[in-house]
Amino acid sequence: MPMIKLPFLKKKTSKVKQENIVSQDNLPEHVAIIMDGNGRWANKRGLPRFAGHKEGMDNVKTIVKVANKYNVKILTLYAFSTENWKRPKKEIDYLMKLPMEFLNTYLPELIEENVQIQTIGEFDVLPTHTKSAVQKAKNQTKENTGLILNIALNYGSRYEIVQAIKKLVDDIDKQDFQLGDINEEMFGNYLYTGDLRDPDLLIRTSGEIRLSNFLLWQSAYTEFWFTDVFWPDFNENIFKKALIDYQKRKRRYGGI
Ligand code: FPP
């Protein structure tokens, strides 16, 4: 049988391939992720919600590795919000055990990958076992110079802003500076994120299209990217899609 040439088909395949490649230019340095959909992921499989959280926890390690591969410098993950205390006690207890479990399982590998652990959020009120596991990991990785894994634990952006204002007013009272000295950069330094670069790209999984009190100040000029995929299923390919979309965006910061 004679071969039939279909050059138009060939062309299409190579275009698809090209679109799947993340170029090294214009990659986001700081990626923030709202890891949503653990409960629905579990529900879909007839599993209890905590099984989704466990799978979500394991996926954190996978995505840290992927982020590292694509040269991301800071990865901020929303692990527990100030609003999550409204959940049933059993689920809260489970969620509070996850940082310890995560670090017990993966800290040696994270250290090997030169990852530095940081956190944002109201740390002092966390259960002792959560605090001590996280604090130990922070101490052990503080000299690491690779990716910053910034875990938002008991984090709420409005609370963060109010706390920053209180501290600022207190510092004015102590006459550290005057009202007229306050500017955006200075105020930003009072937030949990301190002098960390603002997120370049913010991803939310599970089809919800809102910020849920996450990084409100810091995301003023962040590019947003949403996917219907539940967090435990979020993988390298989907991350790549987000990066490729990000690379096509024109960030103008209000300019032209
Ligand atoms: C939201 O999904 C997810 C959370 C509240 C917890 C996220 C935590 C992890 C992914 C693991 C944390 C890992 C570390 C390293 C601390 P949901 O439960 O609201 O899902 P649903 O909307 O489908 O119910």
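Looking up the chain in an unreviewed UniProt entry gives the name Isoprenyl transferase, with the organism given as Aquibacillus rhizosphaerae. Taken verbatim from the UniProt record of the chain, the Sequence similarities (unreviewed entry) comment is "Belongs to the UPP synthase family." Looking at the Function (unreviewed entry) heading of the UniProt record, one finds this comment for the chain: "Catalyzes the condensation of isopentenyl diphosphate (IPP) with allylic pyrophosphates generating different type of terpenoids."

Chemist: Give a detailed account of the environment of asparagine 154, specifying residues and quantitative values.
Modeler: In this fold, asparagine 154 is placed in strand β4 (residues 148-155). Separated by 69 residues in the primary sequence, asparagine 154 and tryptophan 85 place their C-alpha atoms 8.6 Å from one another. Discounting residues that sit within four places of it in the chain, asparagine 154 has contacts with Phe80, Ser81, Thr82, Trp85, Gly121, Glu122, Val125 and Leu126.

Chemist: Give a description of the site of the ligand that names residues and reports values.
Modeler: Taken together, 19 residues are adjacent to the ligand, and Gly39, Arg40, Arg49, His53 and Arg87 come closest. Note that an oxygen atom of the ligand is positioned 3.2 Å from one of the side-chain N or O atoms of aspartate 36. Arginine 49 is positioned such that a nitrogen or oxygen atom in its side chain is 2.9 Å from an oxygen atom of the ligand. In isolation the ligand has 630 Å² of accessible area, and contact with the protein removes 91% of it. Of all the elements, helix α3 (residues 49-69) adds the most residues to the shell around the ligand, at five residues. Counted by class, the shell around the ligand contains nine nonpolar, six polar and four charged residues.

Chemist: Could you give an account of the side chain of histidine 53, with specific residues and numbers?
Modeler: Inspection of the secondary structure puts histidine 53 in helix α3. When its relative accessible area of 6% is taken as the criterion, histidine 53 is described as buried. One polar contact links histidine 53 to asparagine 38, side chain to side chain, over a distance of 3.1 Å. Setting aside its immediate chain neighbours within four residues, histidine 53 contacts Asn38, Arg87, Glu91, Tyr94, Leu95 and Leu98.

Chemist: I'd like to hear about the nonpolar core, residue by residue, with values.
Modeler: In terms of nonpolar packing, the biggest core is built from 48 residues, with Ile33, Leu75, Ile117, Leu149, Ile203 and Phe239 touching the most fellow members. Listed by contribution, the elements that provide at least two residues to this core are β1 (30-34), α3, β2 (74-81), α4 (89-112), α5 (128-141), β4, β5 (201-204) and α8 (236-248). Take this core: its biggest share by element is 10 residues, from α4. Here phenylalanine 239 is in contact with Val31, Ile63, Val66, Ala67, Ile203 and Phe234, once residues within four sequence places are set aside. Listed in part, the nine residues of the second largest apolar core include Ile34, Ile120, Tyr155 and Leu215.

Chemist: Could you give an account of the UniProt feature "binding site: Mg(2+)" (unreviewed entry) in the chain, naming the residues involved and the relevant values?
Modeler: In the numbering used here, UniProt assigns the "binding site: Mg(2+)" (unreviewed entry) feature to Asp36 and Glu223. With respect to the helices, strands and loops of the structure, aspartate 36 is situated in the loop between β1 and α2 (38-44). For aspartate 36, a relative accessible area of 18% corresponds to the buried category. When neighbours within four sequence positions are excluded, aspartate 36 is seen to be in contact with Arg204, Thr205, Ser206, Glu208, Phe230 and Trp231. A distance of 3.1 Å separates a polar atom in the side chain of aspartate 36 from a polar atom in the side chain of serine 206. With respect to the helices and strands, the residue glutamate 223 is situated in strand β6 (residues 223-226). Residue classification places glutamate 223 among the buried residues on the basis of a relative accessible area of 15%. Discounting residues that sit within four places of it in the chain, glutamate 223 has contacts with Asp200, Leu201, Leu202, Tyr246, Arg249 and Arg251.

Chemist: I'd like a rundown of the sheet that holds β4, residues and numbers included.
Modeler: Pairing is parallel across the open sheet formed by six strands, whose spatial order is β3-β4-β2-β1-β5-β6. A strand with exactly one partner marks an edge of an open sheet, and here the two such strands are β3 (116-120) and β6. For this sheet, the mean angle separating the axes of adjacent strands, direction not counted, is 20°. As defined by bridge partners, β2 adjoins β4 across seven bridges and the pair is classed as parallel.

Chemist: Help me get a handle on the packing of aromatic side chains, residues and values and all.
Modeler: All told, the structure shown has 13 aromatic pairs when counted by the stated rule. When the centroid spacing of 4.1 Å and the interplanar angle of 15° are considered together, the rings of tyrosine 78 and phenylalanine 214 count as stacked. Pair noted here: tyrosine 78 is in strand β2 and phenylalanine 214 is in the loop between β5 and β6, with a separation of 136 residues, a long-range link. The residues tyrosine 78 and phenylalanine 214 share a single accessibility class, namely buried. Ring geometry for phenylalanine 234 versus phenylalanine 239: centroids 5.9 Å apart, planes at 45°, classification tilted. Residue phenylalanine 234 is classed as buried on the basis of its relative accessible area of 1%. A connected cluster of aromatic rings, assembled from ring pairs, spans Tyr78, Tyr155, Tyr192 and Phe214. The ring of phenylalanine 123 carries the charged tip of lysine 138 above its face, separated from the ring centre by 4.4 Å.

About the cut-offs
- Residues numbered from 1 in each chain as written.
- Predicted model: local features only at pLDDT ≥ 70, side-chain atom pairs only at ≥ 80, totals over all residues.
- Heavy atoms only, no water.
- UniProt positions renumbered as here; feature names shortened; annotations may be inferred.
- Helix = DSSP H or I, 4+ residues; strand = E, 2+ residues; numbered from the N terminus.
- Contact = heavy atoms within 4.5 Å.
- Near = heavy atom within 4 Å.
- Polar contact = N/O pair within 3.5 Å; in protein donor to acceptor, adjacent residues only side chain to side chain.
- Areas by Shrake-Rupley, 256 points an atom, 1.4 Å probe, with all protein chains shown as cover.
- Nonpolar A, V, L, I, M, F, W, Y, C, P; charged D, E, K, R; others polar.
- Buried < 20%, exposed > 50% of the residue type's maximum accessible area, 1.4 Å probe, protein only.
- Core = buried A, V, L, I, M, F, W, Y, C linked by side-chain atoms within 4.5 Å.
- Pairing = 2+ DSSP bridges.
- Axes fitted to C-alpha atoms, helices over the stretch in contact; angles between N-to-C directions.
- Phe/Tyr/Trp six-rings, centres within 6.5 Å; stacked < 30°, edge-to-face > 60°.
- Lys NZ or Arg CZ within 6 Å of the ring centre and 35° of its normal.

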